[in-house]
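Breakdown of the fold
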Amino acid sequence: DNGVDGFFDRGSFVETLGGWGKTVVAGRARLGGIPFGVIAVETRTVEAVVPADPANPDSRETVLPQAGQVWYPDSAFKTAQAIEDFRRGERLPLMIFANWRGF
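Residues numbered from 1 in each chain as written. Predicted model: local features only at pLDDT ≥ 70, side-chain atom pairs only at ≥ 80, totals over all residues. Heavy atoms only, no water.

**Focus on the sheet that holds strand β3 (residues 34-41)**
Hydrogen bonds between backbone atoms are what pair the strands of a sheet, whose relative direction is either parallel or antiparallel. Spatial strand order, β1-β2-β3-β6: four strands in an open sheet with mixed pairing. At either end of the open sheet lies a strand with only one pairing partner, and these are β1 (14-16) and β6 (94-97). The mean inter-strand angle of the sheet, taken between neighbouring strand axes irrespective of direction, is 30°. Where strand β2 (residues 24-31) lies against β3, eight bridges are found, and the strand directions are antiparallel. Residue pairing for β3: alanine 26 is matched across the bridge by isoleucine 39. (Pairing = 2+ DSSP bridges. Helix = DSSP H or I, 4+ residues; strand = E, 2+ residues; numbered from the N terminus. Axes fitted to C-alpha atoms, helices over the stretch in contact; angles between N-to-C directions.)

What follows is the structure, encoded as C-alpha cells:
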C-alpha cells in the first residue's frame, strides 16, 4: 500500500524509481483517464541500505532507519529525477502529495 492508490483511477498507479530514496514514492497514474506524474511522501519509517565499500576490506553493509516524512538527500535527488523524467519526454502534469516535516 503506497497511500495514493485510492486517489487515482483503480489500478492505474505504477511506481517508478523504487528501491532507493524510500521516503518518497514516485510513479505514474491516471485521474479521470488523464495521465499524471505523481510524487508522494512516505509516512512510515523505512530502511536505507548503505553498501560496503569494495575498496575497503573492513567496510560492512549497513542498514539505517529513515523516518517517514523526512526529505533525505537520496529522497530529494529522487524527487528531482522524477520531476525531470515527467517533464522531459512525457510532459506529464505533476501531482505532489507533500506532507514533509517542516513544510
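Read on for the rest.
**Observations concerning the packing of aromatic side chains**
Considering all chains together, one arrives at four aromatic pairs under this definition. Arranged with centres 5.2 Å apart and planes meeting at 85°, the rings of phenylalanine 7 and phenylalanine 97 form a pair that is edge-to-face. Of this pair, phenylalanine 7 sits in the segment before β1 while phenylalanine 97 is found in strand β6, placing the two residues 90 residues apart along the sequence. Judged by its relative accessible area of 44%, phenylalanine 7 falls in the partly exposed class. Summarising the aromatic geometry, the rings of tryptophan 20 and phenylalanine 77 are spaced 5.9 Å apart at their centres and angled 50° between planes, so their arrangement reads as tilted. Of this pair, tryptophan 20 sits in the loop between β1 and β2 while phenylalanine 77 is found in helix α1 (residues 73-90), placing the two residues 57 residues apart along the sequence. When its relative accessible area of 29% is taken as the criterion, tryptophan 20 is described as partly exposed. Taken together, the aromatic side chains of Phe7, Phe8 and Phe97 make up a single cluster linked through ring pairs. (Phe/Tyr/Trp six-rings, centres within 6.5 Å; stacked < 30°, edge-to-face > 60°. Buried < 20%, exposed > 50% of the residue type's maximum accessible area, 1.4 Å probe, protein only.)

**Section: the pattern of salt bridges**
Opposite charge on two side chains allows them to pair when their charged atoms are near. Taken as a whole, this structure holds four salt bridges when the rule is applied. Between arginine 28 and glutamate 90 there is a salt bridge, with its nearest N and O atoms 2.7 Å apart. With a gap of 62 residues between them, arginine 28 in strand β2 and glutamate 90 in helix α1 connect regions that are remote in the sequence. When its relative accessible area of 25% is taken as the criterion, arginine 28 is described as partly exposed. Between arginine 87 and glutamate 84 there is a salt bridge, and its shortest N-O distance comes to 3.0 Å. With arginine 87 and glutamate 84 both in helix α1 and three residues apart, the pair spans about one turn of that helix. Judged by its relative accessible area of 47%, arginine 87 falls in the partly exposed class. Through salt bridges that share partners, Glu84, Arg87 and Arg88 make up one connected network. (Salt bridge = Lys/Arg side-chain N within 4 Å of Asp/Glu carboxyl O.)

Worth remembering: the numbers are spatial, not functional.
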